[in-house]
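Listed below, chain by chain, are the residues.
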Amino acid sequence: QVQLVESGGGLVQAGGSLRLSCVASGGTFSRSAMGWFRQAPGKEREFVGVIWWGSGSTYYDDSVKGRFTISRDNAKNTMYLQANSLKPEDTAVYYCAASLRPSWIFATRYFQESAYDYWGQGTQVTVSS
């Protein structure tokens, strides 16, 4: 079975940067898109951003737009989240996910957890003030 493994989290000061990685291992698979979600203490898991695998097109939640950038390496089955200008409000466990759904199903559901089929275990990002 495919595993998604996040890495790159850590403790940074406000204004700093982190690069998170999500590596798919244990097999090969095709996907329409991969996304990032996060869950802060006491809050529900929320959408961060998504990248359509074939085109590389991206979309971000307003809370991170202009600060976070998602990219991917098709050959390595790896997705990245470059997080700049980090704020204490960004503190959360960050999860990566992959969707196997056809584009016509996924297109209007990319922000929903239910649209994704594989999930990683998460990596902790802590931003101090």
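You'll find the structure just up there.
Residues numbered from 1 in each chain as written. Predicted model: local features only at pLDDT ≥ 70, side-chain atom pairs only at ≥ 80, totals over all residues. Heavy atoms only, no water.

## A word on the nonpolar core
Leu-4, Met-34, Trp-36, Phe-68, Met-79 and Tyr-94 are the most contacted members of the largest nonpolar core, which has 27 residues in total. Broken down by secondary-structure element, the contributors of at least two residues to this core are β3 (18-25), β4 (33-39), β5 (46-52), β7 (68-73), β8 (78-83), β9 (92-99) and β11 (123-128). Counting 9 residues, the second largest nonpolar core, distinct from the first, contains Phe-37, Phe-47, Ala-97 and Tyr-110. (Core = buried A, V, L, I, M, F, W, Y, C linked by side-chain atoms within 4.5 Å. Buried < 20%, exposed > 50% of the residue type's maximum accessible area, 1.4 Å probe, protein only. Helix = DSSP H or I, 4+ residues; strand = E, 2+ residues; numbered from the N terminus.)

## Let's talk about the pairing of β7
Note that β7 and β8 share 6 bridges and pair antiparallel. Counted as the bridge partner of Asp-73 is Thr-78 from β8. Counted between consecutive antiparallel strands, the loop separating β7 from β8 contains 4 residues, among which Asn-77 sits at a positive phi close to 50°. (Pairing = 2+ DSSP bridges.)

## A short note on the packing of aromatic side chains
Evaluated as defined, the whole model comprises 10 aromatic pairs. Relative to Tyr-110, the ring of Trp-52 has its centre 5.7 Å away and its plane inclined at 65°; by these criteria the two rings are edge-to-face. Of this pair, Trp-52 sits in strand β5 while Tyr-110 sits in the loop between α1 (103-106) and β10 (118-119), placing them 58 residues apart in sequence. Taken together, the ring pairs in this structure connect Phe-37, Phe-47, Trp-52, Tyr-59, Phe-106, Tyr-110, Phe-111, Tyr-116 and Trp-119 into an aromatic cluster. The positively charged end of Arg-45 is found above the aromatic ring belonging to Tyr-95, 3.8 Å away from the centroid. The side chain of Arg-45 reaches across the aromatic face of Trp-119, ending 5.2 Å from its centre. (Phe/Tyr/Trp six-rings, centres within 6.5 Å; stacked < 30°, edge-to-face > 60°. Lys NZ or Arg CZ within 6 Å of the ring centre and 35° of its normal.)

## Concerning the pattern of salt bridges
Throughout the structure, instances matching the rule amount to 6 salt bridges. One salt bridge in this structure joins Arg-38 and Glu-46, with 2.9 Å as the shortest N-O distance. Asp-90 is the partner of Arg-67 in a salt bridge, and the nearest nitrogen-oxygen pair spans 2.8 Å. Here the residue Arg-67 occupies a position in the loop between β6 (58-60) and β7, and Asp-90 occupies one in the loop between β8 and β9, the gap between them amounting to 23 residues. With respect to class, Arg-67 is no different from Asp-90; both count as buried. Connected via shared salt-bridge partners are Arg-38, Glu-46, Arg-67 and Asp-90. (Salt bridge = Lys/Arg side-chain N within 4 Å of Asp/Glu carboxyl O.)

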